[in-house]
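Structural overview
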Amino acid sequence: MENSFLKDAINRIVELATPYTITTDDGRRYCSATLREVKPEVELPARYSVDTLEALVKLIRTEGIDHSPRLYVRVDSARRVMVDTTYTHKEYAEFSRLPLYEAVSDVPSISVNQEMSQEQAVVELQSLYAVTSDRDYLLDLLNRIDVNQGVSSVDNGVMQEVSVRTGAVLKEKMSVRPIVRLQPYRTFLEVSQPVSDFLLRVSKSGYPALFEADGGAWKLEAKRNIAAYLAEQLADLVESGNVVVLV
């Protein structure tokens, strides 16, 4: 008797715990339990990184196209390009993309929007900027400013005049051009470097500073230059639809 009662109680508990559906008068059906599908864990590859566009092109050609019928090459910034597959269309990951490669430029950053010592400015202009007439103008200007002997400036917001003490007595007045066009190395060296405007300022202590004066337009130009290079190097794959280059 006791065993029969215990068996009935267990069966009742099991019955209550079993999910069931209820149909309302308006035809809607509800389940007594919330069920969630347990999907297998998807292992994604680690993105392989290189520092040149040439290496990225070789990776795409030698193995990238074997992983997916279509690769998306996205120019993320002036210094970074990423490559991903199209949707995997696997049952467990229908709309997942696999990250494959990235190219990150290792070109050193230039000093902008801050004052620099004359020595630092000269070194950067000679090593991080392409040779242009405005770069040579800045180098000549810096060579004619003697910080140790003193500099005075008059600035009306449009034109800045700097008085340079050239000796114990003499002064030489020079008009400093407010806007200069320079071509620094700011993106991958395989592509043309954007030329952009910089606002030049010289402090009363004789320290120069360059401020970006193009509203960041150089970044878009750099991205377009990168995309054009990749489209040319991967022309056959782009034409066949195996590679899509995005800006």
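Now for a quick tour of the structure. In this text, all values refer to a predicted model and were calculated from it rather than measured experimentally.

This brings us to the overall build of the chain. Check the secondary structure of the chain and you find six helices and 13 strands. For the chain, the exposed area adds up to about 15,600 Å²; of that, 51% sits on carbon and sulfur atoms.

Within strand β11 (residues 196–202), five of the seven residues are buried, which leaves the element mostly enclosed by the surrounding structure. Taken together, the four bridges between strand β10 (residues 179–182) and β11 define a ladder with antiparallel strand orientation. The residue of β11 that forms the bridge with Leu182 is Ser196. Between the end of β11 and the start of strand β12 (residues 208–212), which pair antiparallel, lie five residues, with Gly206 showing a positive phi angle near 90 degrees.

Where charged atoms from two side chains of opposite charge come close, those side chains can pair. Using the criterion set out here, one finds 10 salt bridges in the structure. The residue Glu212 makes a salt bridge to Arg186 at a minimum N-O spacing of 3.9 Å. Of this pair, Glu212 sits in strand β12 while Arg186 sits in the loop between β10 and β11, placing them 26 residues apart in sequence. Note on Glu212: relative accessible area 32%, which makes it partly exposed.

Here the focus is the side chain of Ser105. Tracing the chain through its elements places Ser105 in the loop between β6 (99–104) and α3 (118–127). In terms of polar contacts, Ser105 uses its side chain to reach the backbone amide nitrogen of Val107, at 3.3 Å.

On to the sheet that holds strand β4 (residues 71–77), then. Strand order across the open sheet formed by five strands is β3-β6-β5-β4-β13, with mixed pairing between neighbours. With one partner strand each, in any of the chains shown, β3 (48–50) and β13 (243–246) form the two edges of the open sheet. Between one strand axis and the next, the sheet turns by 20 degrees as a mean value, whatever way the strands run. As defined by bridge partners, strand β5 (residues 80–85) adjoins β6 across five bridges and the pair is classed as antiparallel. Each bridged residue has a counterpart across the sheet, and for Val81 the counterpart in β6 is Ala103.

Here the focus is a nonpolar patch on the surface. Among the surface-exposed residues, Tyr20, Ile22 and Tyr30 lie close enough to one another that they form a single nonpolar patch of about 330 Å² accessible area. Of note, Tyr30 is situated in strand β2 (residues 29–31). For Tyr30, a relative accessible area of 46% corresponds to the partly exposed category.

Glancing now at the sheet that holds β11. With respect to topology, three strands assemble into an open sheet ordered β10-β11-β12, the strand pairing being antiparallel. The open sheet terminates on both sides in strands that have one partner only, identified here as β10 and β12. Taking each pair of neighbouring strands and ignoring which way they run, the sheet shows an average axis angle of 40 degrees. Note: β11 against β12, five bridges, orientation antiparallel. Counterpart to Val202 in the pairing with β12 is Pro208.

Calculation notes
Residues numbered from 1 in each chain as written. Predicted model: local features only at pLDDT ≥ 70, side-chain atom pairs only at ≥ 80, totals over all residues. Heavy atoms only, no water. Helix = DSSP H or I, 4+ residues; strand = E, 2+ residues; numbered from the N terminus. Areas by Shrake-Rupley, 256 points an atom, 1.4 Å probe, with all protein chains shown as cover. Buried < 20%, exposed > 50% of the residue type's maximum accessible area, 1.4 Å probe, protein only. Pairing = 2+ DSSP bridges. Salt bridge = Lys/Arg side-chain N within 4 Å of Asp/Glu carboxyl O. Polar contact = N/O pair within 3.5 Å; in protein donor to acceptor, adjacent residues only side chain to side chain. Axes fitted to C-alpha atoms, helices over the stretch in contact; angles between N-to-C directions. Patch = residues over 30% accessible without salt bridge, like charges linked within 9 Å, V, L, I, M, F, W, Y side chains within 5 Å.

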